[in-house]
Amino acid sequence: MGGNDVSEQRSRFETVLKQIQKSVSLVPVIVLGSGASAAYGYAGMAELAGHLRETIVPDPADEAKWNEFASAIAGGMDLESALQKVVISGPLEKDIIRKTRELILKQDVEVFHRIIRNDIILPLGSLLQQLSRTANQKIKVVTTNYDRLAEYAIDQAMLSYDNGFDGKYQKTFRGLHASGDAKIELLKVHGSLDWFLTEDHRVVSLPDHVSDSLEFTPLLVTPGIRKYEHAHNEPFRSIISKADAAFESARSILCVGYGFNDNHIHLKLVEKMRQGRTPILIATKKLTDNAVQFIRRAPSSNVIGIEQFRQGTRVVYSDREDVLEDYSFWSLDELIKLVM
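Presented here is a report on the structure given in the accompanying data block. (Residues numbered from 1 in each chain as written. Predicted model: local features only at pLDDT ≥ 70, side-chain atom pairs only at ≥ 80, totals over all residues. Heavy atoms only, no water.)

1. Here we look at the packing of aromatic side chains
Inclusion rule: When the centres of two rings from Phe, Tyr and Trp lie within 6.5 Å, Trp using its six-membered ring, the rings pair. Their planes under 30 degrees apart give stacked, over 60 give edge-to-face, and anything left gives tilted. Numbering goes from the N terminus for both helices and strands, where a helix is a DSSP run of H or I of at least four residues and a strand is a run of E of at least two. Think of it in three bands: with a 1.4 Å probe and only protein chains considered, a residue is buried below 20% of the maximum accessible area for its type, exposed above 50%, and partly exposed in between. The criterion is that NZ of a Lys, or CZ of an Arg, lies within 6 Å of the ring centre and within 35 degrees of the ring normal, and then a charge sits over that ring.
In the structure shown here, the tally under the stated rule is eight aromatic pairs. Consider the rings of phenylalanine 13 and tyrosine 327, whose centres lie 4.1 Å apart with planes at 5°: the pair is stacked. Placement of the pair is phenylalanine 13 in helix 1 (residues 3-25) and tyrosine 327 in the loop between strand 14 (321-324) and helix 14 (332-337), with a sequence separation of 314 residues. Looking at tyrosine 327, the relative accessible area reads 17%, which means it is buried. Across from the ring centre of tyrosine 317, 3.8 Å away, lies the NZ or CZ of arginine 320, which sits over that ring.

Printed below as a string of structure tokens:
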């Protein structure tokens, strides 16, 4: 590469760097999607679909519907589309929720063991620590993930968070607090591995070793036709409302590994994008088609996406693309080095 090419690429990198630094300096609302967890071995939709097909044995009454679902998956349909296509019964939906939790929990515990041994230092924790030094308001983290990677990152950063539950061992959902000492508001719009509905309809959060011996219903919103019905029940109604408010007041937004496939979040992001004033930075290993469409529809250059390209980074703007072959900053680990 000639001197002029190096100089030109450096200039293009500086342009992106300014946008990244601006977004982070404004203390962004952080959106974590499944791609943020995939790097640590958590299952994506394809692996989850395979797990459900292999482990669920439906009741005879549900067998025809389940076979319809399995055929759709085998034919290449994605999990969410397949579950939206098939009307499943209440008992079968509970099986799907339990088997989903079974797979993700196993992976989550393995990751936690590695974190306890200090085999993993989570970059999200480093970012939150950096933001906490300058932010004079609560840092908002919104996630569609069931896993507890965000909680582990917050613990590594030695920060406190409010997720709506009060207590130490038997935690009860009381709603998120406008005031309080917590530096971070953690909004898990699809639930968490440790959230349950008791037999007397209380929403609680319990340690794994206790919950596994109980017959409480896991509170996970899984893909499917009933997904948006559950959004009207607690704790999801309160949490989604808080997430909406976070996006409405956001001065900038950082999406990490988020595919723009979920309407609980997507509609608010579209509204923010159309206003054209809020910087939105999307960082992921591979931008989904929905993410690219979102960027292309932006009325200003405030919205950019960055993804892996060979040994470098592809930057996607509303009106163009750029490849920076000598700079790899699409991962959160590398991205935060630019702003710390």
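Having seen the structure, we can now continue with the description.
2. With respect to the pattern of salt bridges
The criterion, for reference: Salt bridges are defined as contacts in which a side-chain nitrogen from Lys or Arg sits within 4 Å of a carboxyl oxygen from Asp or Glu.
A complete count under the given rule lists 20 salt bridges for this structure. The shortest N-O distance in the salt bridge between arginine 12 and aspartate 322 comes to 2.3 Å. Here the residue arginine 12 occupies a position in helix 1, and aspartate 322 occupies one in strand 14, the gap between them amounting to 310 residues. A salt bridge links arginine 320 to aspartate 319, with the nearest nitrogen and oxygen atoms 3.3 Å apart. Among the ionic contacts, a cluster of salt bridges with common partners joins Asp108, Arg148, Asp194 and Asp208.

3. Brief notes about the layout of surface pockets
A water-sized probe rolled over the atoms picks out the places where empty space is left. Quick note on the threshold: For each structure, a 1 Å grid was placed over the protein atoms alone; sets of points admitting a 1.4 Å probe that cannot get out are labelled cavities, open sets with protein on both sides within 12 Å along at least five of seven lines are labelled pockets, and lining residues have an atom within 4 Å of a point. Grid points are joined across faces, edges and corners, and a volume is the space filled by probe spheres set on the points. Three classes are used, and their members are as follows: Ala, Val, Leu, Ile, Met, Phe, Trp, Tyr, Cys and Pro are nonpolar, Asp, Glu, Lys and Arg are charged, and the others, Gly among them, are polar.
Computed from the structure, the second largest pocket encloses a volume of approximately 840 Å³. As for the second largest pocket, its lining consists of 30 residues, of which Tyr161, Asn163, Gly167, Lys168 and Lys171 are closest to the centre. If you list the elements that add at least two residues to the lining of the second largest pocket, you get helix 6 (90-116), helix 8 (149-156), strand 3 (161-162), strand 4 (165-166) and strand 7 (191-197). Among the residues making up the lining of the second largest pocket, the classes are represented as ten nonpolar, nine polar and eleven charged.

4. As for unusual backbone geometry
Cis peptide bonds are those with omega within 30 degrees of zero, and the linkage from glutamate 234 to proline 235 qualifies with 5°. Take proline 235: it is sitting in the loop between helix 10 (227-230) and helix 11 (236-249). Its identity as a non-glycine residue notwithstanding, histidine 201 has a phi of 70°, on the positive side. Mapped onto the elements, histidine 201 comes out in the loop between strand 7 and strand 8 (203-205). By relative accessible area, which is 63% here, histidine 201 ends up exposed.

5. Notes on the packing of helix 3 (residues 45-55) against helix 6
For clarity, the cut-off: Convention adopted: a line fitted to C-alpha atoms gives each axis, helices being fitted over their contacting stretch, and angles between N-to-C directions are expressed from 0 to 180 degrees. Should an angle lie under 35 degrees it is considered roughly parallel, over 145 roughly antiparallel, and from 65 to 115 roughly perpendicular; all remaining angles are considered oblique. In this scheme, a crossing is called left-handed if the near helix is turned counterclockwise away from the far one by less than a right angle; it is called right-handed if the turn is clockwise. The criterion used for residue contact is that any of the two residues' heavy atoms lie within 4.5 Å.
In contact at an axis separation of 10 Å, helix 3 and helix 6 are set at 120° when each is read in the N-to-C sense. The angle between helix 3 and helix 6 places the two elements in the oblique class. As for how helix 3 packs across helix 6, the hand of that crossing is right-handed. Facing Glu47, Leu48, His51, Leu52 and Thr55 of helix 3, the residues of helix 6 in contact are Ile96, Lys99, Thr100, Glu102, Leu103 and Gln107. Looking at the contact of helix 3 with helix 6 residue by residue, the classes come out as four nonpolar, four polar and three charged.

6. Things to note about the environment of arginine 237
Here arginine 237 shows up in helix 11. On a C-alpha basis, the gap between arginine 237 and valine 189 in space is 8.7 Å, while along the polypeptide they are 48 residues apart. Each residue touching arginine 237, except ones within four places of it in the same chain, is listed here: Ala231 and His232.

7. Observations concerning helix 6
Rule in force here: Expected span of a helix: the number of residues minus one, times 1.5 Å. Polar contacts, as counted here, are pairs of nitrogen or oxygen atoms within 3.5 Å of one another; within protein the pair requires one atom able to donate a hydrogen and one able to accept it, and residues that are adjacent in sequence qualify only if both atoms are side-chain atoms.
Across its 27 residues, helix 6 extends 38 Å between first and last C-alpha, which sits within 8% of the 39 Å expected from 1.5 Å per residue. Residue serine 89 occupies the N-cap position of helix 6, its side-chain oxygen lying 3.3 Å from the main-chain nitrogen of leucine 92. In the stretch just after helix 6, asparagine 118 is the one whose phi turns positive, near 65°.

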